[in-house]
Amino acid sequence: MASSIPGGFTVTDDVIMDMVGYAALASYGVVGMAAPTLSDGIAKLLPQRSLRRGIDMEKLADGLRIDLFIVVEHGTNMAEVSRMLAENVRYALEDSAQLPVESVNVHVQGVKVRNS
């Protein structure tokens, strides 16, 4: 039988952004994260240890607003990849951390051909 335990928990911003980053990398068609600003019009893939730089998060009254800056795989449907990514991130935050999500915005910064 389940019983409740008094108390609460706090999830830090770093943990939230790590959860978002790993959900993004696990999504089909996402090659990696990119910096929010394009230098010389070219998107640069961020190394896995710098995933947080490709995520912008804002805490609002209704929940979190997440902006993701990604690079997608060549040949994938960008609209479908973006939709699935947004759903994966929303699910990860609402189910695992029980955090309300107001919106997830996906910004495709580039397209890359994966090496076989």
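Since the structure is predicted, the reported quantities are computational estimates derived from the model, not experimental observations.

With respect to the helices and strands, the residue Ile-66 is situated in strand β3 (residues 63-73). Ignoring sequence-local partners within four residues, the contact set of Ile-66 consists of Val-20, Ile-55, Asp-56, Met-57, Leu-93, Ser-103, Val-104 and Asn-105.

Axis angle and axis distance: for two packed helices, these are the angle between their axes and the distance between the axes, and together they describe the pair. With their axes 9 Å apart at the nearest point, helix α1 (residues 13-25) and helix α2 (residues 78-96) run at an angle of 140° to one another. Put simply, α1 runs oblique to α2. Like other packed secondary-structure pairs, α1 and α2 cross with a definite hand, here right-handed. Counted together, Ile-16, Met-19, Val-20, Ala-23 and Ala-24 of α1 and Leu-85, Asn-88, Val-89, Ala-92, Leu-93 and Ser-96 of α2 form the full contact between these two elements. Across the contact of α1 with α2, the residue classes break down as nine nonpolar, two polar and no charged.

Another point: the pattern of salt bridges. Across all of its chains, the model carries seven salt bridges by this definition. Among the ionic pairs, Glu-87 bridges to Arg-83, the shortest N-O distance being 2.5 Å. One end of the pair, Glu-87, and the other, Arg-83, are both in helix α2, four residues apart, so they sit about a helical turn from each other. A residue is classified by how much of its surface remains accessible, and Glu-87, at 41% relative accessible area, is partly exposed. Residue classification places Arg-83 among the partly exposed residues on the basis of a relative accessible area of 38%. Across the salt bridge formed by Arg-90 and Glu-94, the nearest N and O atoms sit 3.5 Å from each other. Linking Arg-90 with Glu-94, this pair stays in helix α2, spanning four residues, or about one helical turn. Judged by its relative accessible area of 29%, Arg-90 is partly exposed. The network of salt bridges with shared partners includes Asp-14, Asp-18 and Arg-52.

Attention now goes to the side chain of Ser-27. Topologically, Ser-27 is positioned in the loop between α1 and β1 (30-33). Overall, the relative accessible area of 4% leaves Ser-27 in the buried class. Within the local environment of Ser-27, its side chain forms a polar contact with the backbone oxygen of Ala-23, the two atoms lying 2.9 Å apart. Contacts of Ser-27, omitting those with residues within four sequence positions, involve Leu-85 and Asn-88.

With that settled, the discussion passes to the nonpolar core. Membership of the largest hydrophobic core comes to 26 residues, with the highest contact counts inside it found for Ile-16, Val-20, Ile-66, Leu-68, Val-89 and Leu-93. Ignoring any residue separated from it by four or fewer positions in sequence, one finds Leu-68 in contact with Val-20, Met-33, Gly-54, Ile-55, Leu-85, Val-89, Val-104, Asn-105, Val-106 and His-107.

A word on α2. Here α2 spans 26 Å end to end across 19 residues, near enough to the 27 Å set by a 1.5 Å rise per residue. Those residues of α2 that fall on the buried side of the exposure criterion are Val-81, Ser-82, Leu-85, Ala-86, Val-89, Ala-92 and Leu-93. Seen from one end, α2 has its buried residues packed into an arc of 130°, which puts them on one side. With respect to the buried face of α2, the exposed residues turned more than 90 degrees away are Ala-79 and Tyr-91. Capping of α2 at its N-terminal end is provided by Asn-77; its side-chain oxygen lies 3.0 Å from the backbone amide nitrogen of Ala-79.

The rules we used
Residues numbered from 1 in each chain as written. Predicted model: local features only at pLDDT ≥ 70, side-chain atom pairs only at ≥ 80, totals over all residues. Heavy atoms only, no water. Helix = DSSP H or I, 4+ residues; strand = E, 2+ residues; numbered from the N terminus. Contact = heavy atoms within 4.5 Å. Axes fitted to C-alpha atoms, helices over the stretch in contact; angles between N-to-C directions. Parallel < 35°, antiparallel > 145°, perpendicular 65-115°, else oblique. Left-handed = near helix turned anticlockwise from the far one by under 90°. Nonpolar A, V, L, I, M, F, W, Y, C, P; charged D, E, K, R; others polar. Salt bridge = Lys/Arg side-chain N within 4 Å of Asp/Glu carboxyl O. Buried < 20%, exposed > 50% of the residue type's maximum accessible area, 1.4 Å probe, protein only. Polar contact = N/O pair within 3.5 Å; in protein donor to acceptor, adjacent residues only side chain to side chain. Core = buried A, V, L, I, M, F, W, Y, C linked by side-chain atoms within 4.5 Å. Expected span 1.5 Å × (residues − 1). Arc of directions from axis to C-beta.

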